[in-house]
Amino acid sequence: MSDREFGGNDDLSLPKATVQKIITEILHSDPGVTFAKDTRDLLIECCVEFITLISSEANDIAEKDAKKTIACEHVKAALEELDFGDYVPAVLEVAADYKKQQANREKKQTKIEQSGMTEEELIRQQQELFRSATDKFNAAQ
């Protein structure tokens, strides 16, 4: 599959700095080896092509299931369908880790919760602020 099949979007890419960091981390254990910039760019194109291929197949599978959202099971099925089944255990492990991280994340508090005040106290404070602003406005007149 080529970009032409997906509308030829030249904007599809991965951040070069991030890919370079990954390459550097991998090559860190082999100090004499370097990675040419054009080779890095080729690797990025290959990664984008791979993501596009898997996404397209997962989308087709989701549509067959009459789903509007591509879920983890659709990506798993796409990998298996395209003979990338060896990647499935690693993908499922990363998905489980992500799910665990999301469950452990602290729920963000709203500003009302952060204030530590009751709703009645907040309304009273708001009314006082409005009254004060109105008094200042009228005094300036």
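Our structure's up above, just so we're on the same page.
For the structure given in this document, a descriptive report is provided here.

Conventions and cut-offs
Residues numbered from 1 in each chain as written. Predicted model: local features only at pLDDT ≥ 70, side-chain atom pairs only at ≥ 80, totals over all residues. Heavy atoms only, no water. Patch = residues over 30% accessible without salt bridge, like charges linked within 9 Å, V, L, I, M, F, W, Y side chains within 5 Å. Areas by Shrake-Rupley, 256 points an atom, 1.4 Å probe, with all protein chains shown as cover. Salt bridge = Lys/Arg side-chain N within 4 Å of Asp/Glu carboxyl O. Helix = DSSP H or I, 4+ residues; strand = E, 2+ residues; numbered from the N terminus. Buried < 20%, exposed > 50% of the residue type's maximum accessible area, 1.4 Å probe, protein only.

## A look at a nonpolar patch on the surface
Argument step 1. There is a patch of nonpolar side chains on the surface, built from Phe-50, Ile-51 and Tyr-87 and spanning about 280 Å² of accessible area.
Argument step 2. Examined against the element boundaries, Phe-50 turns out to sit in helix H2 (residues 37-64).

## Looking at the pattern of salt bridges
Argument step 1. Under the criterion given, the structure shown has three salt bridges.
Argument step 2. Between Arg-40 and Asp-41 there is a salt bridge; the shortest N-O distance is 3.3 Å.
Argument step 3. Taking relative accessible area as the criterion, Arg-40 reaches 11% and is therefore assigned buried.
Argument step 4. For Asp-41, a relative accessible area of 26% translates into the label partly exposed.
Argument step 5. For Lys-76, the salt bridge goes to Glu-80, with nearest N and O atoms at 3.2 Å. On the criterion of helical spacing, the pair formed by Lys-76 and Glu-80 is a turn pair, its members being four residues apart in helix H3 (residues 72-81).
Argument step 6. A relative accessible area of 30% places Lys-76 in the partly exposed class.
Argument step 7. What makes Glu-80 partly exposed here is its relative accessible area of 39%.
Argument step 8. A network of salt bridges, in which partner residues are shared, links Lys-16, Arg-40 and Asp-41.

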